Amino acid sequence: MWVTRAFAALYLVAFVLLLIGTFGLFGQERDPLAGVFLMPLGLPWSLWLDGLPEAALLFAAALVPLINLTLLGIVCRHRAVRRRRNP
């Protein structure tokens, strides 16, 4: 379960950095590479984003790591249930 929480924390930090860099929050200059930290968190799904229009690319790149977070949560929950049944 700690792996899921660590991944969620990394995702949250990367998402906040994306928002700060994309919209220039807190006096930060706009940075076209603000979403670079989200891309590895969304692998392998982020590799499929090449054909999207630029307007949808930012939205999709921000949400793709949620697929991995969901899958990681399902696997951790499944393993926890199996451990409780078979001590």
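Quick look at the structure, then. (Residues numbered from 1 in each chain as written. Predicted model: local features only at pLDDT ≥ 70, side-chain atom pairs only at ≥ 80, totals over all residues. Heavy atoms only, no water.)

## Here we look at the packing of helix α1 (residues 2-23) against helix α3 (residues 54-63)
Inference 1: With their axes 10 Å apart at the nearest point, α1 and α3 run at an angle of 160° to one another. By the criterion of interaxial angle, the relationship of α1 to α3 is roughly antiparallel. Judged by residue contacts, Y11, F15, L18 and T22 of α1 engage L58, A62 and L63 from α3.
Inference 2: Looking at the contact of α1 with α3, its residues break down into six nonpolar, one polar and no charged. (Axes fitted to C-alpha atoms, helices over the stretch in contact; angles between N-to-C directions. Helix = DSSP H or I, 4+ residues; strand = E, 2+ residues; numbered from the N terminus. Parallel < 35°, antiparallel > 145°, perpendicular 65-115°, else oblique. Contact = heavy atoms within 4.5 Å. Nonpolar A, V, L, I, M, F, W, Y, C, P; charged D, E, K, R; others polar.)

## Some thoughts on unusual backbone geometry
Inference 1: Omega for the bond connecting L43 with P44 falls within 30 degrees of zero, at 5°, which places this linkage in the cis form.
Inference 2: In this fold, P44 is placed in the loop between α2 (38-41) and α3.

## Notes on the nonpolar core
Inference 1: In this structure, F7, Y11, A14, L18, A34, L38, L41, A62 and L69 together form the largest nonpolar core, which totals nine residues.
Inference 2: By residue number, the principal contributor to this core is α1, which donates four residues.
Inference 3: If near-sequence neighbours (up to four positions away) are discounted, L41 is found in contact with F7, L10, Y11, A14, P65 and N68. (Core = buried A, V, L, I, M, F, W, Y, C linked by side-chain atoms within 4.5 Å. Buried < 20%, exposed > 50% of the residue type's maximum accessible area, 1.4 Å probe, protein only.)

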